[in-house]
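# Structure at a glance
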Amino acid sequence: MFAIFANVLDVNEAGEVTNYGDAEYRAAQWIRRCCDDSYEVDPPFVGWELELPL
């Protein structure tokens, strides 16, 4: 969940977050998928979303 949130989060040149809601939603999809086997994430997660940032 942390990796997804951090990878989706976008920060502009001024250091302002431009898509907090989108990052929050994608992380929430991960949590819901872990708790509800019937839930299908749409769109499916892609590799870069799941990688822990270095």
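Preceding block: the structure.
This write-up is about the structure you can find in this document. (Residues numbered from 1 in each chain as written. Predicted model: local features only at pLDDT ≥ 70, side-chain atom pairs only at ≥ 80, totals over all residues. Heavy atoms only, no water.)

## Points about the environment of Phe 45
Defined as follows: Each helix is a run of DSSP H or I of at least 4 residues and each strand a run of E of at least 2, with the numbering of both proceeding from the N terminus. Only protein chains enter the accessibility calculation, which uses a 1.4 Å probe; a residue is then buried when its area is under 20% of its type maximum, exposed when over 50%, and partly exposed in between. Any pair of residues with heavy atoms lying within 4.5 Å of one another is described as a contacting pair.
Secondary-structure assignment places Phe 45 in the loop between α2 (20-35) and α3 (47-50). A residue is classified by how much of its surface remains accessible, and Phe 45, at 19% relative accessible area, is buried. Considering only alpha carbons, one finds Phe 45 and Phe 2, 43 residues apart in sequence, at a separation of 14 Å. What Phe 45 contacts, discounting residues up to four positions off in sequence, is Ile 4, Arg 26, Gln 29, Trp 30 and Leu 50.

## Observations concerning the packing of aromatic side chains
Worth spelling out the cut-off: Here a pair means two rings of Phe, Tyr or Trp (six-membered ring of Trp) with centres within 6.5 Å. Their orientation is stacked below 30 degrees between planes, edge-to-face above 60, and tilted elsewhere.
What the rule picks out here adds up to two aromatic pairs. Relative to Tyr 20, the ring of Phe 5 has its centre 5.5 Å away and its plane inclined at 80 degrees; by these criteria the two rings are edge-to-face. On the criterion of sequence distance, the pair formed by Phe 5 in helix α1 (residues 2-8) and Tyr 20 in helix α2 is long-range, its members being 15 residues apart. For Phe 5, a relative accessible area of 21% puts it in the partly exposed group.

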